[in-house]
Amino acid sequence: MFKRYFVRTRSLQEGMRIDQAIVDRMDRTLIAKRTILDAYLIESLQKLGINGVYVSEGEDDPEPEKPDEPTCALARNNISKLRTDDPSKVKLSESVKKRVSEGIQYLYNNSDSEQFANTTTSITNDLMKAINDNSAIAVDINTLKTSDEYTFKHSVDVATMSMIIAKKQGMNKDDIYNIGIAGLLHDMGKSKIPLEILNKPGKLDDEEFAVMKQHPVFGYEILKEKDDFSPAISLAVLQHHEKMNGRGYPMGVKEDKIVHYAKILAVADVYDALVTERPYKKAFSQRTAVEMIMSMTEEMDITAMKSFLASVILYPVDSTVELSNGERARVVKNNEASVLRPTVVGLDSGTVFELADDLNCANIIIL
């Protein structure tokens, strides 16, 4: 029988199995989920200032699978008739994911290395090739993870999404490539933040947050000293937390002073941060995160926001979703102008729900 419960760090015992990952603010896994704790790990948790963790016993009870197949002829016919392939999506092979993950770790741990530029170029080439190989113009945000431990996944996610947004805007190959580099390196300045702040599992106090807010400046200074990166890349790293209304950081500049690359990075950065769980916050659902992005019209560039919404695929064609009316349905077509409301077919009724266009479906949402 599976049991999961919370234990204060001071009450942990050797042999207990931790049921959560302990990661720092650079997304480095310090202790993997389901690790068996020993005296050293327990002492490490105490030194990190973590008050308690979830532990588990036994094995998970498998949930009974619900049928995902249509149960009537009308459903099968409508699915066959209406099914429309998604736009080509970025696909990263397992070997590329491994290579990219290792490369990102190297960069963030060796910002002074002579191989810094070559490693950055190698990773960006991998991402560019993945986009070009199948003429990708969309990204399935369910499958971007570069590793099971999410090791530095944020940088790769932001780079990939930013490149697709840039491509959607019709930017040339050089700009797409450069924005990929900026996305990979946008949080490089965190390598200069004190570990006690990076590793703090709880909310930062005002003084600690003031230090954390300097990471764009630190990242800019790292890149500015290198001759291999254009000023536009360095400025994008510096400005990726600036907001159109001037309420961002580190300088508080408004939209006319923010470079184009940074406006794109900001959208990808905020989205990925929202859907990623941290020790100090829960992850938002992808739907909620998209809705939050859509509400940030005063903070984000509208063109970048629209390109992002037109590029992401929340509900891939052929996936099964649950509707608010209680029906399970098959996604048959996505709508670029309405990412939250694809066309679906009820698996039991065969009813076609044009969620984006049919007023009769206005009160139905995907759960």
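All figures in this text were calculated on a predicted structure; none of them were measured in a lab. (Residues numbered from 1 in each chain as written. Predicted model: local features only at pLDDT ≥ 70, side-chain atom pairs only at ≥ 80, totals over all residues. Heavy atoms only, no water.)

So, about unusual backbone geometry. Cis geometry marks the peptide bond from Tyr249 to Pro250, where omega comes out at 15 degrees. In this structure, Pro250 sits in the loop between helix 10 (231-239) and helix 11 (260-275). Phi is positive for Arg34, close to 75 degrees, though the residue is something other than glycine. With respect to the helices and strands, the residue Arg34 is situated in the loop between strand 4 (29-31) and helix 1 (39-47). (Helix = DSSP H or I, 4+ residues; strand = E, 2+ residues; numbered from the N terminus.)

This part takes up helix 5 (residues 153-168). End to end, helix 5 covers 22 Å across 16 residues, agreeing with the expected 22 Å (1.5 Å per residue, within 8%). Burial runs high along helix 5: 14 of the 16 residues are buried. Just downstream of helix 5, Gly170 is the residue with a positive phi angle, here 80 degrees. (Expected span 1.5 Å × (residues − 1). Buried < 20%, exposed > 50% of the residue type's maximum accessible area, 1.4 Å probe, protein only.)

Inspection of the secondary structure assignment puts Ser307 in helix 13 (residues 302-311). Relative accessible area serves as the criterion here: at 9%, Ser307 is assigned to the buried category. Remark: the alpha-carbon pair of Ser307 and Glu102, spanning 205 residues in sequence, is separated by 30 Å. Aside from chain neighbours lying at most four places away, what touches Ser307 is Ile165, Lys168 and Gln169. (Contact = heavy atoms within 4.5 Å.)

On inspection of all chains with the given rule, the structure shows four aromatic pairs. Ring centres 6.0 Å apart and planes at 90 degrees place the aromatic pair Phe116 and Phe229 in the edge-to-face group. Residue Phe116 is found in helix 4 (residues 116-133), and its partner Phe229 is found in the loop between helix 9 (215-224) and helix 10; the two are separated by 113 residues along the sequence. Just as Phe116 is buried, Phe229 falls in that class too. With a centroid separation of 6.3 Å and an interplanar angle of 80 degrees, the aromatic rings of Phe209 and Tyr249 are classed as edge-to-face. (Phe/Tyr/Trp six-rings, centres within 6.5 Å; stacked < 30°, edge-to-face > 60°.)

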